[in-house]
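# Topology and contacts: notes
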Amino acid sequence: MKREAASVIDHYTRDDLMERIRAALMRRGYDPDKPSIEMLSELDHLHGGGFATTEAQIELAEIPRGCQVLDAGCGIGGPSRYLAGVHGCTVNGIDLTPGYIDVAGRLNEMTGLSGKITLTVGSVTDLPYETELFDAVLCQNVSMNIADKDRMAKEALRVLKPGGIYTLSHLAEGPNGPPVYPLPWALTAEASFLGTPQDLLETLSRVGFTDIEDRAGRARSKPGGGPQPGTIGAAPAMGDDMPARTANAAQSVQAGRLVPMMVVARRADR
Ligand SMILES: C[S@@+](CC[C@H](N)C(=O)[O-])C[C@H]1O[C@@H](n2cnc3c(N)ncnc32)[C@H](O)[C@@H]1O
């Protein structure tokens, strides 16, 4: 577990991350000292389809406006800022990568959202929150880094209020063989924990979730797609080789080697 965490942190850590983000904003003609949530949304949603996928997932999962949400594996905080700044939610964000949490905090301050988003360095498999705290847990493109999905799902169930919503975007293995690496979340197969679509659905059922459904087929924008055309994309936060890694993901989806999932489940009401 310790080794897995270290390799995840290593994979996502970038030197001079804030400088990379500032430079990308400047190249785009945005003021790097006063970026809006909208400007940042071009680069801070670290999954295929970017901001459009976050918006689609929140809509499909029917996360109520103004509720209390955990952004599990929050990256540099794009989805958290959308939930807090546009959807009116109070948000806790947790991520294993300290450099991402540091930058997420600085971007929250710059956008005036520090009071609505609380950040913690930690693991989604060992959540430092009391039970039954959240109305919804959002987990976007994190589970491909997690071997012990039972533990991840049990922790999400524990911190959700009865009737609460758990929604994950995940890339599962497809029927046509292994995907092409490097991928956005892992450079090699050893660091990638996909499982079949059925495996994920069964995990959620086994730990006690109900109303489990993969809604990816209904999503306008899916977790395995490329960045939205004309936007900055995830390269400043995830590395200059992101276009090639994202293209591998998109091709693997096309070839039936990856299956984009957008799962929604509930903790049963009492
Ligand atoms: C592809 S990024 C997605 C970030 C964010 N969910 C988003 O969509 O913008 C994957 C994130 O998962 C985090 N991560 C991986 N394993 C984790 C774990 N066990 N606990 C918490 N965060 C984890 C990484 O540090 C990274 O920030």
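Residues numbered from 1 in each chain as written. Predicted model: local features only at pLDDT ≥ 70, side-chain atom pairs only at ≥ 80, totals over all residues. Heavy atoms only, no water.

Where an unreviewed UniProt entry is consulted, the protein chain appears under the name Class I SAM-dependent methyltransferase, with the organism given as Paracoccus aurantius.

## Some words on the side chain of H11
Counting through the fold element by element, H11 comes out in helix α1 (residues 2–12). The contact partners of H11, leaving out residues within four places of it in the chain, are L183, P184, W185, A186, L187 and R245. (Helix = DSSP H or I, 4+ residues; strand = E, 2+ residues; numbered from the N terminus. Contact = heavy atoms within 4.5 Å.)

## Comments concerning the environment of D16
Within the secondary structure, D16 sits in the loop between α1 and α2 (17–27). With a relative accessible area of 58%, D16 lands in the exposed category. Sequence separation between D16 and S169 is 153 residues, and the spatial gap between their C-alpha atoms is 28 Å. (Buried < 20%, exposed > 50% of the residue type's maximum accessible area, 1.4 Å probe, protein only.)

## Side note on the environment of A186
Inspection of the secondary structure assignment puts A186 in the loop between β5 (160–173) and α8 (197–207). Given the relative accessible area of 1%, A186 is considered buried. Spatially, the C-alpha atoms of A186 and G85 are 31 Å apart, while their sequence positions differ by 101 residues. What A186 contacts, discounting residues up to four positions off in sequence, is H11, Y181, A191 and S192.

## As for the packing of aromatic side chains
Enumeration over the complete set of coordinates arrives at four aromatic pairs. A ring pair is formed by F51 and Y82, whose centres lie 5.2 Å apart and whose planes are at 70 degrees; its orientation type is edge-to-face. Highlighted residues: F51 in helix α4 (residues 50–60) and Y82 in helix α5 (residues 78–85), separated in sequence by 31 residues. A relative accessible area of 11% places Y82 in the buried class. (Phe/Tyr/Trp six-rings, centres within 6.5 Å; stacked < 30°, edge-to-face > 60°.)

## So, the UniProt feature "domain: Methyltransferase type" (unreviewed entry) in the protein chain
Taking the numbering used here, the UniProt-annotated feature "domain: Methyltransferase type" (unreviewed entry) corresponds to residues 70–166. Taken as a whole, residues 70–166 contains 33% helix and 29% strand, while its terminal C-alpha atoms sit 10 Å from one another. (UniProt positions renumbered as here; feature names shortened; annotations may be inferred.)

## A few points about the site of the ligand
Lining the immediate surroundings of the ligand are 22 residues, of which L46, H47, G73, D95 and T97 lie closest. Here an oxygen atom of the ligand and a side-chain polar atom of H47 are 2.6 Å apart. Side-chain polar atom of T97 to an oxygen atom of the ligand: 2.6 Å apart, as the coordinates give it. Relative to its free-state accessible area of 590 Å², the ligand is covered by the protein chains to the extent of 99%. When its residues are assigned to classes, the shell around the ligand shows ten nonpolar, ten polar and two charged. (Near = heavy atom within 4 Å. Polar contact = N/O pair within 3.5 Å; in protein donor to acceptor, adjacent residues only side chain to side chain. Areas by Shrake-Rupley, 256 points an atom, 1.4 Å probe, with all protein chains shown as cover. Nonpolar A, V, L, I, M, F, W, Y, C, P; charged D, E, K, R; others polar.)

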